[in-house]
Amino acid sequence: MGRRAATLPEVHDLVIRGRLEDIAVTGGLIAAVGPGLGAGTEEIDATGLLVLPGAVDAHVHLNDPGRADWEGFTTGTRALAAGGATCAADMPLNSTPPTVDADGFAAKVAAARGRAHVDFALWGGLVPGDLDRLDALAALGVIGFKAFMCETGIDDFVRATDDVLAAGMARAARLGLPVAVHAEDQDVVGPLAAEAIAGGRTRMRDYLASRPARAEVAAVRRALAIAGETGCALHVVHVSCGESARLVAEARTRGVDATCEVCPHHLVLDDDDAEAIGALAKCGPPLRSASEIEGLWAALEAGEIGSIASDHSPAPPGMKRGDDMFAVWGGIAGAQTTLALTLTHGLARGIAAARLATWLATSPAARFGLAGKGRLEAGADADIVLVETGGPWTIRPEDMEYRHRLTPGHRPGGAHDPARGDDRSRRPGRGRAAGASRARRRRLTAGACCRRRGQAPAGAGRRRITPGARRGTRSRSSRGARCTCRSRRRTCRVPPAPRR
Ligand SMILES: [Zn+2]
């Protein structure tokens, strides 16, 4: 008998068993990916499920501190986890103070401490004023700076004129950080809105007409020009028409470091839906025609759009009610449904799950320097989502983890109302479908759940989703409820500035 030193077979914290490959997790990191991996203290049978990297939602408004009655870190990040996002980047508005300087950054971190259910990063704000604030925010670790090219609807976050944008982008370029722009031309949308309001034309169609695609395209053009001049990396948030994406892609061929993202609501809801749903579907840029939806999907498939983000922007029910579309809050709550809607509609369009995961996780993580995120490979954070596909699912208010259970996927109260067009949602390609049974839901939540607070992240699928277990109903099954993401720490970290 030999006397070779024997190495004990390693027992991982968790092994997720897949059909072709397993994933082993140790210490919150992916230890190995491959067939027939060794034992785990806990094991999850994921054969038959999609195994994806946790979504990285680079565009959320948690509104905390200051407007935590709109959302807040606790509820917003719980919704992210329930929807399969394991990392998010919070926008510098609509919190008070906004994240436009070191004090705002500190206030944000204090608000989040001990309350975030997922890892998160912070965007800083690019607003008129002292540019040295950008240096301070960069030193603290923001992933980039957000600017508005139109009015924000929030008094303490002022829009950037082209001059402000140019100066800010020049500074950001020196700091090696990207600038993200909300691209709608104030000179177009401002007068159109004023005219409509003065004429008493304030219904949804009037609102949509006041924010035409050309307003976005004009702003995108200018932002790209400034990016070219300054050498700043530009990220255009929530593009709503194919032309914007085409311009961004074209600029890339000229050497401009430019990317763009699209939101699920622009991919699955059109102007008819906006009219049928009303205030809950008001957003800026607004929902557009069915043909623009096709343009956006084509732009994704062509590689012109690189990522999908929720632009989760909730508000209290009183601000999302009424017929005057210029008066109600413009923002859609979508953090919990982003992955599910993307998979549902993307898979139905024949797009591979791996490609969808690139847009949801890999690409935003890479773009914003979120190390360890967006990839299922050894050494990466064990941010993993298990998804069951097939079968119908419903976006139901009672499943939402938001502070206010409002989404354009349902009306307040959740009543089915065929008279207002609910039945259209049952068609393939719409944002709603029927729900999984309670038993089914319970089973799904066993696949992937967040251990810390008994919250379940995603079981989502082509026709079925479990948007989240109820608070405190930690799933119990023979497999055991197991946190498959790394987001177990109570105090979440702010990732370091991107390496470039
Ligand atoms: Zn936003």
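Quick caveat, the model's predicted, so the values are computed rather than measured. (Residues numbered from 1 in each chain as written. Predicted model: local features only at pLDDT ≥ 70, side-chain atom pairs only at ≥ 80, totals over all residues.)

Attention now goes to the overall build of the chain. Scanning the chain from terminus to terminus reveals 14 helices and 17 strands. By the burial criterion, 58% of the 500 residues in the chain qualify as buried. Intrachain contacts of the chain at a sequence separation of at least 6 include 75% that bridge at least 24 residues. (Helix = DSSP H or I, 4+ residues; strand = E, 2+ residues; numbered from the N terminus. Buried ≥ 20, exposed ≤ 12 C-beta atoms within 10 Å, placed from the backbone. Contact = placed C-beta atoms within 7 Å.)

Turning our eyes to something else, we now look at the sheet that holds strand S4 (residues 40-45). The mixed open sheet is built from 4 strands, whose spatial order is S3-S2-S1-S4. Because the sheet does not close on itself, it has two edges, and the strands there are strand S3 (29-34) and S4. Neighbour-to-neighbour, the strand axes of the sheet open up by a mean angle of 20°, direction not taken into account. (Pairing = 2+ DSSP bridges. Axes fitted to C-alpha atoms, helices over the stretch in contact; angles between N-to-C directions.)

Next up on the list: the sheet that holds strand S13 (residues 258-262). Spatially, 6 strands are ordered S9-S10-S11-S12-S13-S14 in an open sheet, and the strand pairing comes out parallel. Each end of this open sheet is capped by a strand with a single partner; those strands are strand S9 (124-125) and strand S14 (307-308). In the sheet, strand S12 (residues 234-236) pairs with S13 via 3 bridges, with the strands oriented parallel. When the bridges of S13 are listed, Leu-234 appears paired with Ala-258. Together, strand S11 (179-182), S12 and S13 form the strand contacts of helix H7 (residues 213-230), whose direction differs from that of S12 by roughly 170°. Contacts between helix H8 (residues 242-253) and the sheet are confined to S12 and S13, with S13 contributing the most and set at about 155° to the helix.

Bringing helix H4 (residues 162-175) into the picture now. For H4, with 14 residues, the first-to-last C-alpha span of 19 Å sits near the 20 Å given by 1.5 Å per residue. Of all the residues in H4, the buried ones are Leu-165, Gly-168, Met-169, Arg-171, Ala-172 and Leu-175. Take H4 and look down its axis: the buried residues cluster within an arc of 165°, on one side only. Among the structural elements, helix H3 (132-140), strand S10 (145-148), S11 and H7 are those in contact with the buried residues of H4. After H4 finishes, the residue Gly-176 shows a positive phi value of roughly 75°. (Expected span 1.5 Å × (residues − 1). Arc of directions from axis to C-beta.)

This brings us to the pairing of S10. Across the two faces of S10 the burial is the same, with Phe-145 and Ala-147 and Lys-146 and Phe-148 all buried. Note: S9 against S10, 2 bridges, orientation parallel. Residue Gly-124 lies in a different strand from S10, and its bridge partner there is Phe-145. For the segment spanning S9, H3 and S10, crossover handedness is right-handed. (Right-handed = clockwise from strand over helix to strand, strands pointing away.)

Here we take up H8. The terminal C-alpha atoms of H8 lie 17 Å apart, and with 12 residues this matches the ideal 16 Å at 1.5 Å per residue to within 8%. Of all the residues in H8, the buried ones are Gly-242, Ser-244, Ala-245, Leu-247, Val-248 and Ala-251. Contact partners of the buried residues in H8: H7, S12, S13 and helix H11 (290-301). Positive backbone phi, at 95°, marks Gly-255, one or two positions downstream of H8.

Let's shift gears to the nonpolar core. Counting residues in hydrophobic clusters, the biggest one holds 141 residues, and the most contacted among them are Ala-89, Val-179, Val-181, Ala-223, Leu-224, Leu-234 and Val-236. When residues are assigned to domains, this core turns out to be shared by domain 1 (12-48) and domain 2 (54-367), each giving three or more. Leaving out residues up to four positions away in the same chain, Ala-89 has contacts with Ala-58, His-59, Val-60, Phe-120, Ala-121, Leu-122, Trp-123, Ile-143 and Phe-368. (Core = buried A, V, L, I, M, F, W, Y, C linked by C-beta atoms within 7 Å. Domains from an automatic or database assignment.)

This part covers the pairing of strand S2 (residues 22-26). Burial analysis of S2 places 4 of its 5 residues in the buried class, the great majority of the element. With 4 bridges joining them, strand S1 (residues 12-17) and S2 adopt antiparallel strand pairing. Looking at the pairing, Leu-14 lines up with Val-25 of S2. The hairpin formed by S1 and S2 contains 4 residues between the paired strands. In the sheet, S2 pairs with S3 via 5 bridges, with the strands oriented antiparallel. Directly across from Ala-24, in S3, lies its bridge partner Ala-32. Once S2 ends, the chain turns through 2 residues before running back antiparallel as S3, passing Gly-27 with a positive phi of about 60°.

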